[in-house]
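# Structure at a glance
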Amino acid sequence: MGGRAEVVVNTLMSSMPSTHFSRSTPSRLRLRPQTQWKGKRVKISFHKMKARDPSPTEMSVEPWASPQDQAAAELSHSEHTDTPPSQDQEQHPDKLCLDSFWSEVENIQQGSGYADDCSRRDSKHSEEGEQEEQWLADAGLSTLISEDTETVDKTALLSTLTKTQAEAVKRRVETYTLRKRNKPPPRDVRDIFSSQTLVSESQHSEDPAQNSMASVAKSPLSAVTPEHQRGTPKDEYFITDVAYCEQAVILIKQAKLPQNNSQRRKEDGTLPRVICPKCRLGVTRIQDLSHADMKKVRQLALIDMTALCDLLELEVKRHKTGKRKNPESPLFGVPLATLLENDQKLKPSASIPLLLQELLSFLEKKGIDSEGILRVPGSQSRIKLLQQNLEANFYSRHVRWDEVSPNDAAALLKKFIRELPAPLLTAEYLNNFSAVREITELKQKLHMLNLLILLLPEPNRNTLKALLEFLSKVVSKEKKNRMNLWAVATIMAPNLFLHKAVPSRLTEGGEKGQAEKAADVMRLLIRYQDLLWTIPNFLMSQVRRLNENSNRRYQLYDRRFKNLLRKIHTDSREKPEKNSEPHRTVKIQVGELESSTMDYQLNLNSRASDLLAQFYRQFLRSPENGKGKMRRNGSVAYSDCALYEVGGNIGEHCLDPDTHLLDLYNSNPGGEWIIKRRPSCSRGL
């Protein structure tokens, strides 16, 4: 088949400039942090990988068209010109951006009592051994340090790990053991990580994804095109079928080779296109999985993220937020989960707080074209009155939004985020997000951010996505509001990375360097948000193996019973002949078509979109069928239907329309296929 499929993840503009503005020199800034932070910084050079043979998990034909954000979809054709916006032309933030950054920091410190000692006490470092204990619990491995004799869940999870991931777990168990010597000794590490448990090492040697990565590692470095021979900016290839920590192991070894020193990429501030090969099983976004499977994704993502931090020598300590007094306001200073729970009583479909939804909706309609939106401060007296008005009348719908200034609303939006009792990025992972700015390579920054997004609680993740979508729309209107990507990032970075409940090193060190690094992380979140909200292929493979291993727990108890069930299962499974094309019976759970079924013949090129097209032809557009016909305005009834795989080695998975169904059938032969309506996940703007 043809060449390698590519997906271009570029939520703002696919075209990139060939020239760059000169770097501006900042003058003395408002705040001058007095101490220079000295931390470990690891520079790891990634290089353009030579095109390799695609693994069986990758598509070899059509590219995946990355979904653009809502702002790009709303742009008219006249706005799509060949001249890229200046956000991609500017390599570094200018003086105005940096001044705005430190002005925002000063406002946060003065306005929210950032330096208050009582607030600092709310955030506590974990005691000796408590960090490792909490980490193991979050990773689903608390049984490793307990006396529980139940080892099935532990064995199932450990058997899915790669070698580097397992080493990260082993280090945490050893550290916990060392720090808890005065307590009864936990189980010996050698017993936990025996050859019986780490089955994965033999499994991964046969993993197509691992083999494909090995072929990359063995490719001669002379075949890698040096950076100076390429046009700028360079495209980045984002491989997701191999664990991020395993990619780091290989590329760290490559970076240490002498002949590789001349090919180190110099960070110039530009953001390239990120090209991601699309798996034949399609793209899985966070909202596509069931809650049970997402819990397993978070456990595995935590292990991989920790292993990656170990390799990059990023020492990040987790914080925990202590108890805080109940807020006086019903809207501001309320825990995000509590606020959302209360709002869902009024609007069950709400995925973010209704106040935030209202503020974003107003700003998109009235403020997105305002010059300097987010940067120009509003009137403090009007902001205070607006807050009081919202607290008194928001739920009664008596707020006169036509009288509100966009700058006041933007200031209140930032205040809402700052006054959350816990950081939007959570107290546990805020320092991990901040540490991303110490990573040199863009690819590894995106790896870390992708894993951290998966680790966020659902209310935080949905709220962050709604905010980033709005910021992306602000950037798309740069010609009118004069707010490019750097400007928006430098303004919003302090509001996300500084919080009174968690000590931060953001304001330490060289003032320009720290501001630029923090803004760069914010810039990546805005620019590559569509990519960051997907689940990597390697995590999906690990979840499937984890489910398969968990389903085999009965095998540990009765071998004869196991063999009998295996024989029954093998005999009952439909096994098509080699030269025949299998077919599947698809269940339909849509409105009046509940309990209907549809037969579908599979072939090598069958995709989920083809099956849905047959469903629409057969049930919704057929003249013989009086149910679910096309509406009078020409729209299709139940147009929000999707194909799901349910059961087998997955809980419930909403399939990408480009999913190759024969590959899905071979990957999960025990799963059912169901057509049903996709739940509404939008924030209703």
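Residues numbered from 1 in each chain as written. Predicted model: local features only at pLDDT ≥ 70, side-chain atom pairs only at ≥ 80, totals over all residues. Heavy atoms only, no water.

## What to know about the packing of helix α7 (residues 163-179) against helix α11 (residues 244-256)
Definition in use: In this analysis an axis means a line fitted to C-alpha atoms, helices contributing only their contacting stretch, and an angle means the value between N-to-C directions, from 0 to 180 degrees. Only DSSP runs of H or I covering at least 4 residues are called helices, and only runs of E covering at least 2 are called strands; the numbering of each starts at the N terminus. Orientation labels follow simple angle bins: below 35 degrees gives roughly parallel, above 145 gives roughly antiparallel, 65 to 115 gives roughly perpendicular, and whatever is left gives oblique. A contact between two residues is defined here by any heavy atoms of the two lying within 4.5 Å.
Two elements in contact, α7 and α11, have axes whose closest approach is 8 Å; the angle formed by their N-to-C orientations is 105 degrees. Put simply, α7 runs roughly perpendicular to α11. On α11, the residues touching Lys163, Thr164 and Gln165 of α7 are Cys245, Glu246 and Val249.

## Observations concerning unusual backbone geometry
Which entries qualify depends on this criterion: Burial status follows relative accessibility: with a 1.4 Å probe on protein chains alone, a residue under 20% of its type maximum counts as buried, one over 50% as exposed, and anything between as partly exposed.
We note that Leu374 has phi near 80 degrees; this positive angle belongs to a residue other than glycine. Mapping Leu374 onto the fold places it in the loop between α14 (354-367) and α15 (380-393). Relative accessible area serves as the criterion here: at 0%, Leu374 is assigned to the buried category. Of note in this structure, Thr426 is not a glycine but carries a positive phi near 70 degrees. Within the secondary structure, Thr426 is located in the loop between α16 (406-418) and α17 (430-435).

## Considerations on the sheet that holds strand β12 (residues 672-677)
Formally: For two strands to be treated as a pair, DSSP must find at least two bridges joining them.
Strand order in the open sheet formed by 5 strands is β9-β8-β12-β10-β11, and the pairing between neighbours is mixed. The two strands at the open ends of the sheet, each matched to only one other strand, are β9 (596-601) and β11 (650-654). Recorded for the sheet is a direction-independent mean angle of 25 degrees between the axes of neighbouring strands. Bridging between strand β8 (residues 583-589) and β12 involves 3 bridges; their strand directions are parallel. Within β12, the position partnered with Ile588 by the bridge is Ile675. This element, helix α24 (residues 537-551), spans β10 (641-647) and β11 of the sheet and lies at about 145 degrees to β11.

## Re α24
Each full turn of the α-helix corresponds to 3.6 residues, which orients residues three or four apart in the same direction. We apply this condition: A helix is expected to span 1.5 Å for every residue after the first.
Compared with the 21 Å implied by 1.5 Å per residue over 15 residues, the 21 Å span of α24 between its first and last C-alpha is a close match. Where burial is concerned, most of α24 is hidden: 12 out of the 15 residues are buried. All buried positions along α24 are accounted for by Asn537, Phe538, Leu539, Met540, Gln542, Val543, Arg544, Arg545, Leu546, Asn547, Asn549 and Ser550.

## Notes on the pattern of salt bridges
Rule in force here: In the sections that follow, a salt bridge refers to a side-chain nitrogen of Lys or Arg positioned within 4 Å of a carboxyl oxygen of Asp or Glu.
Enumeration according to the criterion identifies 26 salt bridges in this entry. Ionic pairing is found between Asp310 and Arg171, a salt bridge with its closest N-O pair at 2.9 Å. Of this pair, Asp310 sits in helix α12 (residues 291-312) while Arg171 sits in helix α7, placing them 139 residues apart in sequence. A salt bridge links Glu364 to Lys473; the nearest nitrogen and oxygen atoms lie 3.3 Å apart. On the criterion of sequence distance, the pair formed by Glu364 in helix α14 and Lys473 in helix α19 (residues 458-476) is long-range, its members being 109 residues apart. Side by side, Glu364 and Lys473 carry an identical accessibility label, which is buried. Shared partners join several salt bridges into a network, and the residues in it are Lys278, Arg607, Asp656 and Asp658.

## Describing the packing of aromatic side chains
For the record, the criterion: Pairing of aromatic rings covers Phe, Tyr and Trp, the last counted by its six-membered ring, and requires centre-to-centre distances within 6.5 Å; plane angles under 30 degrees mean stacked, over 60 mean edge-to-face, and any other angle means tilted. Only lysine NZ and arginine CZ atoms are considered, and such an atom sits over a ring when it is within 6 Å of the ring centre and within 35 degrees of the ring normal.
Counted according to the given criterion, the structure contains 7 aromatic pairs. Plain terms: the ring middles of Tyr244 and Phe538 are 5.0 Å apart, the flat faces sit at 70 degrees to each other, and that makes the pair edge-to-face. Of this pair, Tyr244 sits in helix α11 while Phe538 sits in helix α24, and the two are 294 residues apart along the sequence. Residue Tyr244 shares its accessibility class with Phe538, and that shared class is buried. Aromatic pair Phe394 and Tyr395: ring centres 5.1 Å apart, planes at 75 degrees, arrangement edge-to-face. For Phe394, a relative accessible area of 5% corresponds to the buried category. Assessed through its relative accessible area of 36%, Tyr395 is described here as partly exposed. Each residue in the set Phe238, Tyr244 and Phe538 is aromatic and connected to the rest through ring pairs, giving one cluster. Looking at Lys465, its charged tip hangs above the ring of Trp533, at a distance of 5.7 Å from the centre.

## A closer look at the state of the cysteines
Put simply, the rule is: What counts as a disulfide here is a pair of cysteine sulfur atoms lying within 2.5 Å.
Taken as a whole and assessed by the stated rule, the structure comprises 0 disulfides. We note that Cys276 lacks a disulfide partner, and the nearest cysteine sulfur, in Cys279, lies 9.7 Å from it.

## So, the pairing of β10
Across the 7 residues of β10, 5 count as buried, placing the element largely inside the fold. Here 6 bridges tie β10 to β12, and the two strands are oriented antiparallel to one another. The partner of Glu645 across the bridge, within β12, is Trp673. As paired elements, β10 and β11 share 4 bridges and run antiparallel to each other.

## Topic: the confidence of the model for the protein chain
So the rule is basically this: Values of pLDDT, the confidence the predictor places in each residue, fall between 0 and 100.
Looking at the protein chain, pLDDT values average 74 and 62% of them are 70 or higher. Predicted confidence for residues 1-89 stays below pLDDT 50, and this span has 217 contacts to residues more than four positions away or in other chains. Every residue in residues 681-685 scores below 50 in pLDDT, and together they form 17 contacts with partners more than four places removed in sequence or on other chains.

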